[in-house]
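# Commentary on secondary and tertiary structure
So you can see what is in the structure, the chains are spelled out below.
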Amino acid sequence: MEEGAVGRRAGGLRGRLRDDPPAVTPELFEEPFVADEYIERLAWRTPGGGSRGGVEVFDPKRLKEEFVNHINELKLLDERIQRRVERLEQQVQREAKEFAKKVQELQKSNQVAFQHFQELDEHVSYVATKVCHLGDLLEGVNTPRQRLVEAHKLMKYFNEFLDGELKSEVFTNPEKIEEAADIIQKLHLIAQELPFDRFSDVKSKIASKYHDLECQLIQEFTSAQRRGQINRMREVAAVLLHFKGYSHCIDVYIKQCQEGAYLRGDIFEDTALLCQHVNKQVGDIFSSPETVMAKLIQNIFENRLQSYIKDQLEDHKKSDAEQYLQSLYELYTRTTNLSSKLMEFNLGTDKQTFLSKLIKSIFASYLENYIEVEIGYLRSRSAMILQRYYDSKNHQKRAIGSGGIQDLKERIRQRTNLPLGPSIDTHGETFLSQDVVVNLLQETKQAFERCHRLSDPSDLPKNAFRIFSLLVEYLCIEHIDYALETGLAGIPSPDAKNANLYFLDVVNQANTIFHLFDKQFNDHLMPLVSSSPKLSECLQKKKDITEQMEVKLDLGIDRTLNCMIGQTKHILAAEQKKMDFKPEDAQNVLIQYTNACAKVCAYVQKQVEKIRVSMDGKNVDSVLMEFGVRFHRLIYEHLQQYSYSYMGGMLAICDVAEYRKCAKEFKIPLVLQLFDTLHSLCNLLVVPPDNLKQVFSGEQLAILDKNILHAFVQLRLDYRLARLGRHFS
């Protein structure tokens, strides 16, 4: 160890007492043992082992000598410990041999004991066999003896019936009624085997006593039930079990259980509570409680429930179909819910079939013609809802023809877009009502729910399809399709002036209504037909009616757009003057758009906004693009009707710039591109003749046909004077 390290560590221990180094013992090395601290203590206790700067003089030789002596002591200690370990190992080996020898002796003792146990077991088995054999012999002797004793007693009692006087206490003491019942039941069985001609009198006496005791037992059972004596009821029921009147005992129990049980006014809730109460005690009374519970439930269903349901339904069956269907649905639902609650009781092996038969016995007569009542009510209700709406509008619904001439007109109208027949003024009425739609859908939703609950599973898809067909008939055809036909008839011709266009309102409401129709199709019809062949019929019917309405919507939108363009054309014809583009005083003309342009833009912006409000989804862009293309064609053709001076050309450019600003409201790239190109074409009206070829090669005009460019250049007043045609050669 280095001097500085030893000195520093020794200096930290100066406060301790200095004694002679202790003798080396094993206790010095007990845990926790730290070698560094051990050496420090040894160095500190050695004279001359302190630091050089302390009071004592550091003596390395003395310290080394102390370390060598200590090492020798450690070696001696190690040898002593090693010898002790060897002694302990030898001792352990000796004890292990002794223990093994002792275990072998115990095993031998155990084997001897096991052999003795086997011998004892065999002896016990032999004795037990002898005892059982002796018991069988005794039973073989005792059983005939007991039978003889019992037969002797029965003959004694039989003689009393022969003599006509019952003297035995068992028949005269009311407290021994159970014993008397057992005797009379056996005598009754014996009497059945006796010839009638010789023993008719005694047989009648035994039968009379049998009947009397049976009545007394039933009366005793009834009294015990009224007093709530479960133990007595169980005793009497056990005696009656072998009598013919045992079933009557159960009937009495069932009847008394129901007394006072139906006071709340809710027969279904009362029945559930009654069955819960009976189920708790019936096992303590009868030997077959499941039979009693099943009979109780059958009695309730066939009497109380059936009578209650009949009273509820018969009153409405002929007078009020709506109330009848609602009551039938509610009663059937509550009955099936009650059946689910009763499933928790032990009613025998197949309680599901048992309860289903009970429900069927009650509702069979009502369910067999349910769907006809449902369809009849839904048809009359839907017709009434529609008629009430049209009456509120003072509208006489006109007949929409079909077949023959009408079909021919329809095909011509769809192909030519010509209005056949006079236009009908609807005064802005769309003849579509969300209230009507909500009422029809609500009625149909309730019909689907009733259909799901009341229809036989095999008839469910077919019945649901019939309800759906009625919904299509009254909602889609009689209401939406009629409104579309009326809206189409109300669209004025393109040449009409100041026409009011309401068909887009029809489109808007029809889209909203059809979304509701589609939601009910998915939410309420699909679950009923999804796993049956009727699914394809429903999808096809929905597809057909959708396509039929889409055709009429497309036709109406197309004719409405024609009317919008026609109105725009009327504005241009009325407001655009011939001299607008050839001003007489060119010096005083302010560079701004014409009055015709301002009115056209105002009208078009109004129509664009109306289209956005009326359409949804991608239909908005489709209709706006078609309207924008037609609007561009109208302006293009309109501009080609005039001749332009230089200032007139500038006015035309200003007009087109305003039209282009209006086209931005469409938010359709194609429409904006068309007006950008038209704006470039109008530049040809003011470009100096020498720059025409350069303008022709511009980005907007290079892709156009030269005839189009030439046609615009010809509109310039200086075309012939300046011979601009040579610029196309």
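Residues numbered from 1 in each chain as written. Predicted model: local features only at pLDDT ≥ 70, side-chain atom pairs only at ≥ 80, totals over all residues. Heavy atoms only, no water.

Just so we agree on the cut-off: UniProt positions are given in the numbering used here, feature names are shortened, and annotations may be inferred rather than shown by experiment.
Named according to an unreviewed UniProt entry, the chain is Exocyst complex component 5 originating from Phrynocephalus forsythii. Reading the Sequence similarities (unreviewed entry) entry of the UniProt record for the chain gives the comment "Belongs to the SEC10 family."

### Focus: the overall build of the chain
Note the following rule: Put simply, DSSP H or I for four residues or longer makes a helix, DSSP E for two residues or longer makes a strand, and each gets a number counted from the N terminus. Any residue under 20% of the maximum accessible area for its type is buried, any over 50% is exposed, and the rest in between are partly exposed; the area is computed with a 1.4 Å probe on protein chains only. It only takes one pair of heavy atoms within 4.5 Å for two residues to be counted as in contact. For the area figures, the Shrake-Rupley method with a 1.4 Å probe applies, and any residue is considered shielded solely by the protein chains shown.
Counting its regular elements, the chain contains 25 helices and 0 strands. A total of 729 residues make up the chain; the buried ones form 39% of that total. Long-range contacts, defined here as pairs at least 24 residues apart, represent 76% of the contacts in the chain between residues at least 6 apart. Working note: accessible area of the chain is about 42800 Å², and carbon and sulfur atoms make up 51% of it.

### So, a positive patch on the surface
Let me state the cut-off plainly: Only residues whose relative accessible area exceeds 30% and that take part in no salt bridge are eligible for patches, with like-charged residues grouped when within 9 Å of each other and nonpolar side chains (Val, Leu, Ile, Met, Phe, Trp, Tyr) grouped when within 5 Å. Just to be clear on terms, a salt bridge is a Lys or Arg side-chain nitrogen sitting within 4 Å of an Asp or Glu carboxyl oxygen. Under the convention used here, Asp and Glu are negative, Lys and Arg are positive, and both His and the chain ends fall outside the count. For this purpose, a charge sits on NZ of Lys, CZ of Arg, CG of Asp or CD of Glu.
There is a patch of like positive charges on the surface, built from Arg80, Arg83, Arg84 and Arg87. Among the secondary structure elements, arginine 87 is positioned in helix α3 (residues 60-163).

### Here we look at a nonpolar patch on the surface
A grouping of Tyr126, Val127 and Val131 is seen on the molecular surface, where their side chains present a nonpolar patch of about 290 Å² in accessible area. Mapped onto the secondary structure, tyrosine 126 falls in helix α3.

### Notes on the packing of helix α16 (residues 460-489) against helix α17 (residues 503-529)
The test is simple: In this analysis an axis means a line fitted to C-alpha atoms, helices contributing only their contacting stretch, and an angle means the value between N-to-C directions, from 0 to 180 degrees. Each angle gets one of four labels, with under 35 degrees taken as roughly parallel, over 145 as roughly antiparallel, 65 to 115 as roughly perpendicular, and the rest as oblique. Just so you know the grouping, Ala, Val, Leu, Ile, Met, Phe, Trp, Tyr, Cys and Pro go in nonpolar, Asp, Glu, Lys and Arg go in charged, and all remaining residues, Gly too, go in polar.
Two elements in contact, α16 and α17, have axes whose closest approach is 11 Å; the angle formed by their N-to-C orientations is 175°. By the criterion of interaxial angle, the relationship of α16 to α17 is roughly antiparallel. Tallied by class, residues from the contact of α16 with α17 come to 21 nonpolar, 2 polar and no charged.

### Notes on the packing of aromatic side chains
Worth spelling out the cut-off: For Phe, Tyr and Trp, rings pair up if their centres lie within 6.5 Å, where Trp contributes its six-membered ring, and each pair is then called stacked (planes under 30 degrees apart), edge-to-face (over 60) or tilted (otherwise).
For the structure shown, the criterion picks out 17 aromatic pairs. Both rings, one in phenylalanine 631 and one in phenylalanine 675, keep their centres 5.3 Å apart while their planes meet at 40°; by these two values the pair is tilted. Of this pair, phenylalanine 631 sits in helix α20 (residues 618-639) while phenylalanine 675 sits in helix α22 (residues 669-683), and the two are 44 residues apart along the sequence. The class for phenylalanine 675 is buried, based on a relative accessible area of 0%. An aromatic cluster of at least three residues, connected via ring pairs, comprises Phe627, Phe631, Tyr659, Phe666 and Phe675.

### What about the side chain of lysine 552?
Worth spelling out the cut-off: Any pair of N or O atoms that falls within 3.5 Å is considered a polar contact. Within protein, one atom must be able to donate a hydrogen and the other to accept it, and sequence-neighbouring residues count only if both atoms are side-chain atoms.
Note that lysine 552 resides in helix α18 (residues 534-575). Of the polar contacts made by the side chain of lysine 552, one reaches the side chain of aspartate 481; its length is 2.9 Å. If near-sequence neighbours (up to four positions away) are discounted, lysine 552 is found in contact with Asp481, Leu484, Glu485, Leu488 and Phe503.

### Quick notes on the state of the cysteines
Keep this limit in mind: Here, the term disulfide refers to a pair of cysteine sulfur atoms separated by no more than 2.5 Å.
Enumeration according to the criterion identifies 0 disulfides in this entry. The thiol sulfur of cysteine 662 is not disulfide-bonded, and the nearest other cysteine sulfur, from cysteine 601, lies at 4.6 Å.

### Let's talk about the layout of surface pockets
Spelled out, the test is: Within this scheme a cavity is a closed region of a 1 Å grid, computed over the protein atoms alone, that accommodates a 1.4 Å probe without allowing it to escape, whereas a pocket is open but has protein on both sides within 12 Å along at least five of seven lines; lining residues each have an atom within 4 Å of a point. Grid points are joined across faces, edges and corners, and a volume is the space filled by probe spheres set on the points.
Computed from the structure, the largest pocket encloses a volume of approximately 650 Å³. If you go around the largest pocket, you meet 26 residues; those closest to its centre are Tyr332, Leu367, Leu454, Ser455 and Asp456. Elements represented by at least two residues in the lining of the largest pocket include exactly α11 (321-342), α12 (351-367), α13 (370-392), α15 (434-454) and α16. With 8 residues, α12 is the single largest residue contributor to the lining of the largest pocket. When the residues that make up the lining of the largest pocket are grouped by side-chain class, the tally is 10 nonpolar, 8 polar and 8 charged. Around the second largest pocket, the lining comprises 23 residues; the ones closest to its centre are Asn511, Glu550, Leu553, Asp554 and Asn619. At the level of secondary structure, the elements contributing two or more residues to the lining of the second largest pocket comprise α16, α17, α18 and α20. For the lining of the second largest pocket, the element with the highest residue contribution is α18, accounting for 8 residues. Grouping the constituent residues of the lining of the second largest pocket by class yields 11 nonpolar, 5 polar and 7 charged.

### Digging into the pattern of salt bridges
Under the counting rule described, the total for this entry stands at 23 salt bridges. Taking the shortest distance from any N to any O, the salt bridge between lysine 462 and aspartate 459 comes out at 3.8 Å. For lysine 462, a relative accessible area of 44% corresponds to the partly exposed category. For aspartate 459, a relative accessible area of 30% corresponds to the partly exposed category. Linked through salt bridges whose partners overlap, the residues forming this network are Glu220, Arg227, Arg232 and Glu235.

### Let's talk about the nonpolar core
Filter applied, for reference: Residue types Ala, Val, Leu, Ile, Met, Phe, Trp, Tyr and Cys, when buried and joined through side-chain atoms within 4.5 Å, form a set referred to as a nonpolar core.
Ranked by internal contacts, the top residues of the largest apolar core, which has 163 residues, are Tyr253, Phe286 and Ile297. At 16 residues, the largest contribution of residues to this core is made by α16. The contacts of phenylalanine 286, once residues within four sequence positions are left out, are Phe221, Ala237, Tyr246, Cys249, Ile250, Tyr253 and Val292.

### A word on a negative patch on the surface
Taken together, the side chains of Asp544, Glu547, Glu550 and Asp554 present a region of like negative charge at the surface. Accessibility expressed as a relative area gives 40% for aspartate 544, which makes it partly exposed.

### Quick notes on α16
As a reminder, the rule being used: One less than the number of residues in a helix, times 1.5 Å, gives the span that helix is expected to have. Throughout, the bend at a residue refers to the angle made by two axes, fitted to the seven residues ending there and to the seven starting there.
When the terminal C-alpha atoms of α16 are compared, their 41 Å separation across 30 residues agrees well with the 44 Å that a helix rising 1.5 Å per residue should span. The sharpest bend along α16 comes to roughly 30°, located at aspartate 481. Where burial is concerned, most of α16 is hidden: 25 out of the 30 residues are buried.

### Topic: the side chain of threonine 271
For threonine 271, the location among the structural elements is in helix α9 (residues 267-282). By relative accessible area, threonine 271 is classed as buried at 1%. What threonine 271 contacts, discounting residues up to four positions off in sequence, is Tyr262, Ile300 and Leu338.

### Examining the packing of helix α8 (residues 246-258) against helix α10 (residues 289-317)
In plain terms, the rule: By the definition used in this description, the sense in which the near helix is turned from the far one sets the handedness, with an anticlockwise turn below a right angle giving left-handed and a clockwise turn giving right-handed.
Close contact between α8 and α10 brings their axes to 10 Å; oriented N to C, the two are set at 60°. Regarding the angle of α8 to α10, the classification is oblique. Taken as a pair, α8 and α10 cross one another with a handedness that is right-handed. Contacts from Ser247, Ile250, Asp251, Tyr253, Ile254 and Gln258 in α8 reach Val292, Lys295, Leu296, Asn299, Ile300 and Arg304 in α10. Looking at the contact of α8 with α10 residue by residue, the classes come out as 6 nonpolar, 3 polar and 3 charged.

### What to know about the environment of serine 340
Secondary-structure assignment places serine 340 in helix α11. The sequence separation of serine 340 and glutamine 352 amounts to 12 residues, and the corresponding C-alpha distance is 9.0 Å.

### Describing unusual backbone geometry
The backbone phi angle of asparagine 394 is positive, close to 55°, even though this residue is not glycine. Backbone geometry places lysine 667, a non-glycine residue, at a positive phi of 60°. Looking at the secondary structure, you find lysine 667 in the loop between α21 (646-664) and α22. Assessed through its relative accessible area of 65%, lysine 667 is described here as exposed.

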